[in-house]
Amino acid sequence: MAADWLGSLVSINCGPTLGVYQGEVVSVDQSSQTISLRQPFHNGVKCPVPEVTFSAIDIKELKILDITIGNARNSSSASTKVSSAPVVVPKGDPRSAANLNSPQHCSKSQGERHVDIPGQPKGFRRRHNSWSSSSKGANQATPKKNGVKNGQMKPRDDECFGEATDDGVDTDFDFEGNLALFDKAAVFSEIDISERRNGARSRGTPLDQTPTRYRHDENILEAKPVVYRQITVPQPGAKEYCTDSGLVVPSISYELHQRLLSIAERHGLSLERRVEMTGVCATQMALTLLGGPNRFTPKNLHQRPTVALLCGPHVQGAQGISCGRHLANHEVEVVMFLPNFVKMLDCVTSEVTLFNKTSGKQVSSIKDLPDTPVDLIINCLDCHENTFLMDQPWYRAAADWANHNRAPVLSLDPPGSGQGQAVEAKWSLSLCLPFSLAEGAGRVYLCDIGIPRQVFKEVGIKYICPFGCKFVIPLHSA
């Protein structure tokens, strides 16, 4: 019986120490429990010796790679080789594979080169190893679009597509039928119930659930309803404004505005403080309009912006001169227009003295203003008390120059809508509480000049600061 295995190609696994050997069986000694291989390969490398002998105690696993039917001593023409997938032979019992050596278990023809393995379904057949395969005939190849050339299969296509498919799929998969078995509504209902039970937010009803995550500006605790009308005045103006957060800011009359400033001055908020605070707020807004941090960088010193200041001999002019001084300190090229007067207010004189200590330029004639468009024009020509200034030649000349220059205009502390404005502005900056401004005032901004809440209360104004974390906020028409 042992002689039936002579000439077969086997693979012997001797464990991790000795490795794996492949070769042709030349002798099997049942008495000494040894097997010898000819022309052996050790771990894929050909051994330098022509023959290797193994003991049964060293063999961990034995696989038959190529079975030879018949006695190896017979002629090669009388023997028939059958290629099959590696067959595991139980250790120490070579007779267990004797049934595989019988011709009745071989495949139908040599061309198909398959071995029927006992214990497996008849329809299942292991494919032969690609290294021992032989080309099939043209009639046995499965025709493929890219695999047939002149009626013959390419060798690589034969290895991949040459196998006959006995167990083909006769029917397509019924996707619609299987999808109908899935009750999506019931599944999502279970998910929603589970999420509600765990306190999570439901996917289907985002508005009915309290969000579990909040933004950085949202309050986690339950709060009272927001009151948007937090400022009330005894004599509201013709317009109402609102902030970005929705707070209502009513307009006031000029008389109420003057009463508020006079009481604030009586409590210590002097005119000089008010002028300085207004100048700082106007400077912050102007620097933002000029480009902010994108414009004022050390790498942009060659592109210093130019600002033209149009000032009159009044408090609004003093506020503009203070703004020009701060702009000049921030490396802005400032050209200030102020007509020559024999006598001016003390606040105007002191601000001009400080301005002349900067790099800014003061001119008294319209001809000395820049001929080319500047980056920004700050208009401080208008006065709340003296409307006759609009008839002065210097006022009309300055207004004409501003309207013909293509630069945007920022009006500082403009008068109410009852008094006309000769210069059309793009932005207007009001103080404390706004007047009812005309449409030519552009977008309205409001600045905080530091009046305490008790001062508002003394004039009958219920006041809650609408500025938040800023000193200058935009206003919108309500």
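For the structure, see preceding data.
Note that residues are indexed from 1 along each chain, following the sequence as it is written. Two thresholds apply to this predicted model, a pLDDT of at least 70 for residue-level local features and 80 or more for giving and counting side-chain atom pairs, whereas whole-chain, interface and lining totals are computed over all residues. Each side-chain value is derived from all of the structure's non-hydrogen atoms; neither hydrogens nor water enter the calculation.

Participant: Got a minute to help me understand the overall build of the protein chain in this structure?
Facilitator: Strands are runs of DSSP state E lasting at least 2 residues, helices are runs of H or I lasting at least 4, and numbering of each runs from the N terminus. Regarding its fold elements, the protein chain presents 10 helices and 19 strands. In this scheme, a residue with accessible area under 20% of its type's maximum is buried, one over 50% is exposed, and one in between is partly exposed, where area comes from a 1.4 Å probe on protein chains only. Among the 478 residues that make up the protein chain, the fraction classed as buried is 40%. Throughout, a contact is declared for two residues whenever any of their heavy atoms are within 4.5 Å. Relative to all contacts within the protein chain whose residues are 6 or more apart in sequence, the contacts with residues 24 or more apart total 57%. Surface accessibility in these figures is a Shrake-Rupley result with a 1.4 Å probe; residues are shielded only by whichever protein chains are displayed. Element-wise, carbon and sulfur atoms account for 52% of the exposed surface of the protein chain, whose accessible area totals about 28300 Å².

Participant: Just to check I follow, could you spell out helix α7 (residues 315-329) for this structure?
Facilitator: In an α-helix, one turn spans 3.6 residues, which is why side chains three or four residues apart end up on the same side. What a helix is expected to span follows from its residue count: subtract one and scale by 1.5 Å. Taking 1.5 Å per residue, 15 residues should reach 21 Å; α7 reaches 21 Å between its end C-alpha atoms and fits that length. Once α7 ends, the next one or two residues include E331, with phi positive near 65°.

Participant: Looking at this structure, I do not really get the sheet that holds strand β19 (residues 472-477). What am I missing?
Facilitator: The strands making up a sheet are joined through hydrogen bonds of the backbone, oriented either antiparallel or parallel. Read from one edge to the other, the open sheet built from 10 strands follows the order β11-β10-β19-β18-β17-β16-β15-β12-β13-β14, with strand pairing classed as mixed. Each end of this open sheet is capped by a strand with a single partner; those strands are β11 (248-250) and β14 (361-363). Each strand axis lies, on average, 30° off the axis of its neighbour in the sheet, ignoring direction. Paired strands, in this sense, are two strands between which DSSP finds at least two bridges. Bridge count between strand β10 (residues 240-242) and β19: 2 bridges; the pairing is antiparallel. Directly across from Y241, in β19, lies its bridge partner S477. All axes here are fitted lines through C-alpha atoms, helices being fitted over the stretch that makes contact, and every angle between N-to-C directions spans 0 to 180 degrees. Seen against the sheet, helix α6 (residues 271-289) touches β15 (376-380), β16 (409-412), β17 (427-431), β18 (443-447) and β19 and runs at an angle of roughly 155° to β17.

Participant: Explain the nonpolar core here, please?
Facilitator: Soluble, globular proteins show a tendency: their nonpolar side chains are buried together. Put simply, buried Ala, Val, Leu, Ile, Met, Phe, Trp, Tyr and Cys residues joined by side-chain atoms within 4.5 Å make one nonpolar core. By size, the foremost hydrophobic cluster in this structure holds 63 residues, and its most contacted members are L327, I378, L429, L433, I451 and I461. A per-element tally of this core places α6 first, with 7 residues. Apart from residues no more than four positions distant in its own chain, L429 is found in contact with C281, A282, M285, L410, S411, L412, D413, P414, Y445, L446, C447 and V472. Counting residues in each nonpolar core, the second largest holds 21 residues, with A308, L389, W401 and V423 among its members.

Participant: Mind showing me how you'd approach a nonpolar patch on the surface here?
Facilitator: Patch members must show over 30% relative accessible area and no salt bridge, and they are joined within 9 Å when carrying like charges or within 5 Å when they are nonpolar side chains of Val, Leu, Ile, Met, Phe, Trp or Tyr. Each salt bridge in this description consists of a side-chain nitrogen of Lys or Arg and a carboxyl oxygen of Asp or Glu lying within 4 Å of one another. A surface patch of nonpolar side chains, about 280 Å² in accessible area, is lined by L179, F182 and V187. Secondary-structure assignment places V187 in helix α4 (residues 184-197). Relative accessible area serves as the criterion here: at 30%, V187 is assigned to the partly exposed category.

Participant: So what exactly am I meant to see when it comes to the pairing of strand β3 (residues 34-42) here?
Facilitator: Looking at chain direction, strand β2 (residues 20-29) and β3 are connected through 7 bridges and run antiparallel. Paired with Q22 across the strands is F41, a residue of β3. Two successive antiparallel strands, β2 and β3, enclose a turn made up of 4 residues, where Q33 displays a positive phi of approximately 55°. As paired elements, β3 and strand β5 (residues 51-55) share 5 bridges and run antiparallel to each other. Bridged to S36 within β5 is T53.

Participant: Can you walk me through the packing of aromatic side chains in this structure?
Facilitator: The geometry of an aromatic ring pair is captured by the separation of the ring centres together with the interplanar angle, meaning the angle of the planes. Think of it this way: a Phe, Tyr or Trp ring, Trp meaning its six-membered ring, pairs with another when their centres are within 6.5 Å, and the plane angle makes it stacked under 30 degrees, edge-to-face over 60, tilted otherwise. Scanning all chains against the criterion turns up 6 aromatic pairs. Consider the rings of Y254 and F435, whose centres lie 6.5 Å apart with planes at 45°: the pair is tilted. Of this pair, Y254 sits in helix α5 (residues 254-266) while F435 sits in the loop between β17 and β18, and the two are 181 residues apart along the sequence. You can call F435 buried: its relative accessible area is 6%. Here W394 and Y395 contribute two aromatic rings whose centre-to-centre distance is 6.0 Å and whose plane-to-plane angle is 70°, an arrangement assigned as edge-to-face. Overall, the relative accessible area of 15% leaves W394 in the buried class. On the basis of relative accessibility, which here comes to 2%, the residue Y395 falls in the buried class. Among the aromatic residues, ring-to-ring pairing joins F341, W394 and Y395 into one connected group.

Participant: Any chance you could explain helix α9 (residues 393-404) here in plain terms?
Facilitator: Taking 1.5 Å of rise per residue, the 12 residues of α9 would be expected to cover 16 Å, and the 17 Å separating its terminal C-alpha atoms lies within 8% of that figure. In this structure, the buried side of α9 is in contact with β12 (306-311), β13 (333-337) and β15.

Participant: Help me understand unusual backbone geometry in this model?
Facilitator: Positive phi, close to 50°, is recorded for Q39, a residue that is not glycine. Counting through the fold element by element, Q39 comes out in strand β3. The phi angle at E331 is positive, at roughly 65°, despite the residue not being glycine. Here E331 shows up in the loop between α7 and β13. E331 gets classed as partly exposed once you look at its relative accessible area, which sits at 46%.

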